[in-house]
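# Examining the three-dimensional arrangement
Each chain, letter by letter, is given below.
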Amino acid sequence: MDTWHVLLVGLVVLLGSSIPFVPTGQVLSGAAALASGSWSTLLLVYGVCVGASVLGDGALFVGSRVAAHHLPARTQRWLVARRFFPAVRSARAGIAAHAGQAVVTGRLLPGGRAPVVVALASGRHPLSRFLAADVVACALWAGLYVTLGALGGRVAGTPLLGTVLAVSAAVVVGLVLRVVARARSRHGDGEEAGAARAVPGGTAG
């Protein structure tokens, strides 16, 4: 895998990160599997994709801020009617006091990145603070998927089979993370409801 291929992967990650709900972890794992025979190429894949994902998230943030505050009212109503906006509202309600943690968690969870980015952007969260947290989030995200890809490539021994194993592992890890997040969310909702019932006159809502 040469430098031009690595840059092409970075471009794919950049474009995917700029658009809501486009998965890029599998692309990164597949590239890492192809580069698993060279540590220097693996590091290049990692560095390029960290930078590309930060730039893409930043573009999504800026675009969401423009959409939230400068588009005509009719266009804003159309956006609010889209299917992903309930997730944005939920993210906005839960990240006010824990924005940095939400950015990291959202980056790692499949489908969790875009609602957090859009919620922060529409809520006038400072771009500089978002980018500071996003650098950490993208570094962890890229580290996870590069590791999966490198392991798949080395275990398989051939680039094609290694890519298949790496992408499959990335999908499985994404599903596991989503299940764990949902279980934690339900557990937290249950604790809040129990606490509300324990208070005289309290309600679960």
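Conventions adopted
- Residues numbered from 1 in each chain as written.
- Predicted model: local features only at pLDDT ≥ 70, side-chain atom pairs only at ≥ 80, totals over all residues.
- Heavy atoms only, no water.
- Helix = DSSP H or I, 4+ residues; strand = E, 2+ residues; numbered from the N terminus.
- Contact = heavy atoms within 4.5 Å.
- Core = buried A, V, L, I, M, F, W, Y, C linked by side-chain atoms within 4.5 Å.
- Buried < 20%, exposed > 50% of the residue type's maximum accessible area, 1.4 Å probe, protein only.
- Polar contact = N/O pair within 3.5 Å; in protein donor to acceptor, adjacent residues only side chain to side chain.
- Axes fitted to C-alpha atoms, helices over the stretch in contact; angles between N-to-C directions.
- Parallel < 35°, antiparallel > 145°, perpendicular 65-115°, else oblique.
- Nonpolar A, V, L, I, M, F, W, Y, C, P; charged D, E, K, R; others polar.
- Phe/Tyr/Trp six-rings, centres within 6.5 Å; stacked < 30°, edge-to-face > 60°.
- Lys NZ or Arg CZ within 6 Å of the ring centre and 35° of its normal.
- Patch = residues over 30% accessible without salt bridge, like charges linked within 9 Å, V, L, I, M, F, W, Y side chains within 5 Å.
- Areas by Shrake-Rupley, 256 points an atom, 1.4 Å probe, with all protein chains shown as cover.
- Salt bridge = Lys/Arg side-chain N within 4 Å of Asp/Glu carboxyl O.
- UniProt positions renumbered as here; feature names shortened; annotations may be inferred.

## What about the overall build of the protein chain?
Across its full length, the protein chain carries 9 helices and 0 strands. Moving toward the C terminus, one meets the helices and strands of the protein chain in the order α-α-α-α-α-α-α-α-α. Restricting the contact set of the protein chain to residue pairs at least 6 apart, pairs at least 24 apart contribute 77%.

## Comments concerning the nonpolar core
If you look at the biggest cluster of nonpolar residues, it comprises 20 residues, and the most contacted ones within it are Val13, Leu28, Leu42, Val45, Cys49, Trp141 and Val146. Those elements that place two or more of their residues in this core are helix 1 (3-18), helix 2 (25-34), helix 3 (39-70) and helix 8 (127-156). Here this core gets 7 residues from one element, more than from any other, and that element is helix 8. For Cys49, the residues in contact, after removing those within four places along its chain, are Val9, Gly10, Val13, Leu28 and Trp141. Formed by 14 residues, the second largest nonpolar core is a distinct cluster that contains Val103, Val104, Val117 and Phe130.

## Comments concerning the side chain of Ser122
Structurally, Ser122 is set in helix 7 (residues 113-122). There is a polar contact of 3.2 Å between the side chain of Ser122 and the backbone oxygen of Ala119.

## Section: the packing of helix 6 (residues 99-108) against helix 7
Remark: helix 6 packs on helix 7, axes separated minimally by 7 Å, with the N-to-C direction vectors making an angle of 150°. Classified by the interaxial angle, the pair formed by helix 6 and helix 7 is roughly antiparallel. Across the interface between the two elements, Ala99, Ala102, Val103, Gly106 and Arg107 of helix 6 pack against Arg113, Val116 and Leu120 of helix 7. Across the contact of helix 6 with helix 7, the residue classes tally to 5 nonpolar, 1 polar and 2 charged.

## A look at the environment of Leu108
Mapped onto the fold, Leu108 is located in helix 6. Relative accessible area serves as the criterion here: at 23%, Leu108 is assigned to the partly exposed category. In sequence terms Leu108 and Tyr145 are 37 residues apart; their C-alpha atoms lie 9.9 Å from each other.

## Considerations on the packing of aromatic side chains
Going through the model one piece at a time under the given rule, you end up with 2 aromatic pairs. Taking the centre distance of 4.7 Å and the plane angle of 20° together, the rings of Phe61 and Phe130 count as stacked. With Phe61 in helix 3 and Phe130 in helix 8, this pair connects stretches of sequence that are 69 residues apart. Residue class for Phe61 comes out buried when judged on its relative accessible area of 1%. In this structure Phe130 comes out as buried when scored by relative accessible area, which is 1%. Centre to centre, the rings of Trp141 and Tyr145 are 5.9 Å apart; their planes meet at 55°, and the pair counts as tilted. Taken together, the positions of Trp141 and Tyr145, both in helix 8 and 4 residues apart, correspond to about one turn of that helix. For the pair shown, Trp141 and Tyr145 are each scored as buried. Looking at Arg107, its charged tip hangs above the ring of Trp141, at a distance of 4.4 Å from the centre.

## Overview of a nonpolar patch on the surface
A surface patch of nonpolar side chains, about 410 Å² in accessible area, is lined by Leu8, Leu11, Val12, Leu15 and Val27. By residue number, the principal contributor to the nonpolar patch is helix 1, which donates 4 residues. One can find Leu11 in helix 1.

## A closer look at the UniProt feature "transmembrane region" (unreviewed entry) in the protein chain
Following the UniProt record, one finds the feature "transmembrane region" (unreviewed entry) at residues 45-68, 130-148 and 160-181. Between the first and last C-alpha atoms of residues 45-68 the distance is 34 Å; the span itself is 100% helix and 0% strand. A helix fraction of 100% and a strand fraction of 0% characterise residues 130-148, whose end C-alpha atoms lie 27 Å from each other.

## A closer look at the pattern of salt bridges
The tally for this structure, following the rule as stated, stands at 2 salt bridges. Among the ionic pairs, Arg107 bridges to Asp57, the shortest N-O distance being 3.1 Å. Of this pair, Arg107 sits in helix 6 while Asp57 sits in helix 3, and the two are 50 residues apart along the sequence. Among the residues examined, Arg107 registers a relative accessible area of 6% and is labelled buried. Residue Asp57 is classed as buried on the basis of its relative accessible area, which comes to 0%. Two residues, Arg113 and Asp57, come together in a salt bridge whose shortest N-O distance is 3.0 Å. With Arg113 in helix 7 and Asp57 in helix 3, this pair connects stretches of sequence that are 56 residues apart. Looking at Arg113, the relative accessible area reads 10%, which means it is buried. Several salt bridges share partner residues, and in doing so they unite Asp57, Arg107 and Arg113 into one network.

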